[in-house]
Amino acid sequence: MELIEETPYRFRIDRHGEMRVPGVVFVSRTLLPHPDQDRSLDQVAQVATLPGIVSASYAMPDMHWGYGFPIGGVAATDVHADGVVSPGGVGFDISCGVRLLAADLDRHEFARVCDQVMNGLDRAIPRGVGRGAVWSLSGSDELDRVLRGGARYAVAQGHGVQRDLDRCEDGGAVADADPTQVSQRAVERGLGQVGSLGSGNHFLEVQAVEEVYDDQVASAFGLRPGQVCVMIHCGSRGLGHQICTDHVRVMEKAMTRYGIHVPDRQLACAPVSSPEAQAYLGAMAAAANYARANRQVLGEAAAAVFRAATGCGLDLVYDISHNLAKIEEHEVGGERRTLCVHRKGATRALPPGHRALPADLSAAGQPVLIPGSMGTASYVLAGVPGGGAFHSTCHGAGRVQSRHQAAKTVRANNLLRELGQQGIAVRGASRRGLVEEAPVAYKDVSEVVATAEGAGLCRTIARLRPLGVVKG
DNA sequence: ATGTCC
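It should be emphasised that the depicted structure is a prediction, and the values quoted were computed from it without experimental measurement. (Residues numbered from 1 in each chain as written. Chains lettered and ligands numbered in written order. Predicted model: local features only at pLDDT ≥ 70, side-chain atom pairs only at ≥ 80, totals over all residues. Heavy atoms only, no water.)

Q: Explain the overall build of chain A residue by residue, including any values.
A: In terms of regular secondary structure, chain A is built from 12 helices and 19 strands. Over its C-alpha trace chain A gives a radius of gyration of 21 Å, about what one expects of a compact globule, namely 23 Å for 472 residues. Principal-axis analysis of the C-alpha atoms gives chain A an extent of 60 × 50 × 45 Å. Residues counted as buried form 62% of the 472 residues belonging to chain A. Taking the average place of the 48 positive charges on the side chains of chain A and the average place of its 50 negative ones, the gap between the two points comes to 5 Å. (Helix = DSSP H or I, 4+ residues; strand = E, 2+ residues; numbered from the N terminus. Rg over C-alpha atoms; globule rule 2.2 N^0.38 Å. Buried < 20%, exposed > 50% of the residue type's maximum accessible area, 1.4 Å probe, protein only. Lys, Arg positive; Asp, Glu negative; His and termini not counted. Charge placed at Lys NZ, Arg CZ, Asp CG, Glu CD.)

Q: Talk me through the protein's contact with DNA strand B; I want residue IDs and the actual numbers.
A: Taken together, 15 residues lie near DNA strand B, and R189, S199, G200, N201 and R403 sit nearest. Counting only atoms of DNA strand B within 4 Å of the protein, the fraction found in sugar and phosphate groups is 61%. In this structure, a phosphate oxygen belonging to DNA strand B sits 3.1 Å away from a side-chain N or O atom of Q193. For DNA strand B, a phosphate oxygen lies 2.6 Å from a polar atom in the side chain of R403. Taken together, the elements giving at least two residues each to the surface near DNA strand B come down to α5 (184-191) and α7 (237-257). No other element matches the 3 residues that α7 contributes to the surface near DNA strand B. Broken down by class, the residue content of the surface near DNA strand B amounts to 2 nonpolar, 8 polar and 5 charged. (Near = heavy atom within 4 Å. Polar contact = N/O pair within 3.5 Å; in protein donor to acceptor, adjacent residues only side chain to side chain. Nonpolar A, V, L, I, M, F, W, Y, C, P; charged D, E, K, R; others polar.)

Q: Outline the side chain of K443, listing residues and values.
A: Positionally, K443 belongs in the loop between α11 (431-436) and α12 (445-454). For K443, which is buried and forms no salt bridge, the nearest opposite charge comes from D38, at a distance of 6.0 Å. Setting aside its immediate chain neighbours within four residues, K443 contacts L31, P61, D62, M63, A397, G398, R399, V400 and V448. (Salt bridge = Lys/Arg side-chain N within 4 Å of Asp/Glu carboxyl O. Contact = heavy atoms within 4.5 Å.)

Q: Go over helix α1 (residues 40-47), please, and point to the residues and values.
A: Taken across its 8 residues, α1 has 6 buried, putting it largely inside the fold. Regarding α1, the residues found buried are S40, L41, Q43, V44, A45 and V47. On its buried face, α1 sits against β2 (10-13), β3 (23-25), β4 (57-64) and β5 (71-78).

Q: For the sheet that holds strand β1 (residues 4-7), give the residues involved together with the corresponding values.
A: Across the sheet, 7 strands lie side by side as β1-β2-β3-β4-β5-β13-β12; this open sheet has mixed pairing. What marks the edges here is a single partner per strand, and that holds for β1 and β12 (323-332). Within the sheet, the average angular offset between the axes of one strand and its neighbour, ignoring direction, is 25°. Along the sheet face, α1 touches β2, β3, β4 and β5 and points at about 160° away from the line of β4. (Pairing = 2+ DSSP bridges. Axes fitted to C-alpha atoms, helices over the stretch in contact; angles between N-to-C directions.)

Q: So, the pattern of salt bridges: which residues are in play, and what are the values?
A: Applying the stated rule across the entire model yields 28 salt bridges. Note that R348 is salt-bridged to E169, the shortest N-O span being 3.7 Å. Of this pair, R348 sits in strand β14 (residues 347-348) while E169 sits in the loop between α4 (162-166) and α5, and the two are 179 residues apart along the sequence. Pair check on accessibility: R348 and E169 agree, each one buried. Between R463 and E211 there is a salt bridge; the shortest N-O distance is 3.1 Å. In this pair, R463 is assigned in strand β19 (residues 459-471) and E211 in strand β8 (residues 203-212), connecting sequence segments 252 residues apart. For R463, a relative accessible area of 18% puts it in the buried group. A relative accessible area of 34% means that E211 is categorised as partly exposed. One continuous salt-bridge network, built from bridges that share partners, spans R399, R403, R432, E436, E437 and K471.

Q: Hey, could you go over the UniProt feature "active site" (unreviewed entry) in chain A for me, with residue numbers and the actual values?
A: Taking the UniProt record as the reference, the feature "active site" (unreviewed entry) is found at H395. Inspection of the secondary structure assignment puts H395 in the loop between β17 (392-393) and α9 (403-409). Setting aside residues up to four positions removed in sequence, H395 forms contacts with D62, I71, H322, G345, A346, T347, L369, I370 and P371. A polar contact of 2.5 Å, which involves the side chain of H395, links it to the side chain of D62. (UniProt positions renumbered as here; feature names shortened; annotations may be inferred.)

Q: Help me get a handle on the UniProt feature "binding site: Mn(2+) 1" (unreviewed entry) in chain A, residues and values and all.
A: Taking the UniProt record as the reference, the feature "binding site: Mn(2+) 1" (unreviewed entry) is found at D93 and H202. For the annotated residues, spread through 110 residues, the largest C-alpha to C-alpha distance comes to 10.9 Å, consistent with a single compact locus. Tracing the backbone through its elements, the reader meets H202 in the loop between α5 and β8. For H202, a relative accessible area of 9% corresponds to the buried category. In this structure, H202 is in contact with D93, C96, L197, H233, C234, G235, K471 and G472, ignoring residues within four places of it in sequence. A distance of 3.1 Å separates polar atoms of two side chains, one belonging to H202 and the other to D93.

Q: Mind laying out the layout of surface pockets, listing which residues take part and the relevant values?
A: Using a probe with the size of a water molecule, rolled over the atoms, empty space left in the structure can be pinpointed. Approximately 940 Å³ is the volume attributed to the second largest pocket. Around the second largest pocket sit 38 residues that line it, and A325, K326, I327, E328 and E329 are the ones nearest its centre. Of all elements in the fold, only α8 (275-310), β12 and β13 (335-344) reach the threshold of two or more residues within the lining of the second largest pocket. Looking at which element gives the most residues to the lining of the second largest pocket, the answer is β12, with 9 residues. (1 Å grid on protein atoms, 1.4 Å probe; cavity = no way out; pocket = protein on both sides within 12 Å on 5 of 7 lines; lining within 4 Å. Points joined across faces, edges and corners; volume = space filled by probe spheres on them.)

Q: Please provide a residue-by-residue account of unusual backbone geometry, values included.
A: Glycine aside, residues mostly have negative phi angles, and peptide bonds mostly take the trans form. Within the chain, S55 stands out as a residue other than glycine whose phi angle is a positive 65°. Mapped onto the secondary structure, S55 falls in the loop between α1 and β4. Not every positive phi belongs to a glycine, and S95 is a case in point at roughly 60°. Relative to the helices and strands, S95 resides in the loop between β6 (84-85) and β7 (97-106).

Now the structure itself:
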């Protein structure tokens, strides 16, 4: 497959075979996946064959191989021109995302209470595979209200304040959630997990604002140099996973009925207007609301720990998903069109003035939250004018080593010592989980962010460094 | 990512 270097931050894959549009990959030469180790460039080309896809099949600088679609992939289909929705374009962890909260506390003040806060978080934050949650729902009726209301329902139940909704994507809940399309098995898996991190790359970190690149925008976001923050990265747990599994199965069967051929079974899809697609989108929206409620109550639990140890609480900076499909209006070829925008390991990044932004963020643009790998920096970015890939940017560092590879090469004791030397307090759930997430298994998040900015997808507002990490 | 295989 031929790659054409258009700029230092942008490569093109010209249409060939069944591709309906070109591939556009926002990477530098060093971030370009190595075809021997990672087939995600092939996946970009395969996504370009989907019915109704418009403009291009895009990939962000943190791209790597994923189920069907690449992680870091963005693909939009025209809803009124046979466009499809594909669960593989969202991923198994539906509405996985990041919530950033800020304390009215300086990092030097945190040093005195670090042990107390970290021990408190260690007790308060459920994590690891299937080990409890902070919110005990009364039963499937209440789960239904979570699936419909997301963070709005959590706040209505006393788990938060209005600012939590103002600063959450979509005001805390997406519309059109359809809990009737969520299977009994998904409900059972979801009942006991609202308010839990899970495992893998999910975490809760205490961080400090290490550098601010734009004072005015950082201030609008509620961030200042030296400030202590809490970043939460998690998703929709077993519920989202089960929904993806259930609906992929349905779409695999439905595809032949709609006469859709895809080069990879993992690209199973259905026309957005079909009953199968509407069922998936309804269930996906329910999982998105579940994930928002999950992050809402985890943030509240962290705030309670901070309040007890320091006297100050935590204010929400923003909450944004990086695994979601959305029906959005975009201008394509001079025409206003209704698109189904899949973002999988890619973050929406709305420009200044966009009507979906809350009034106090309109001039600044939408905050974009980029979690680094364990022990490395995280970033706050902002959306920029121009559109790029339907107002999208990167979502994190991106793996370069498999979990298996990382576990073979990294020793837990060495890793813990290195983190300790950097002044990072660690409260992990398992040694295996820690070594799988070692920084060597990931790309350099600073280069990912610099590439995204160089490609005109966003701009850098602040860099955060970890002080303490709570891992699943 | 995930009751890491119903």
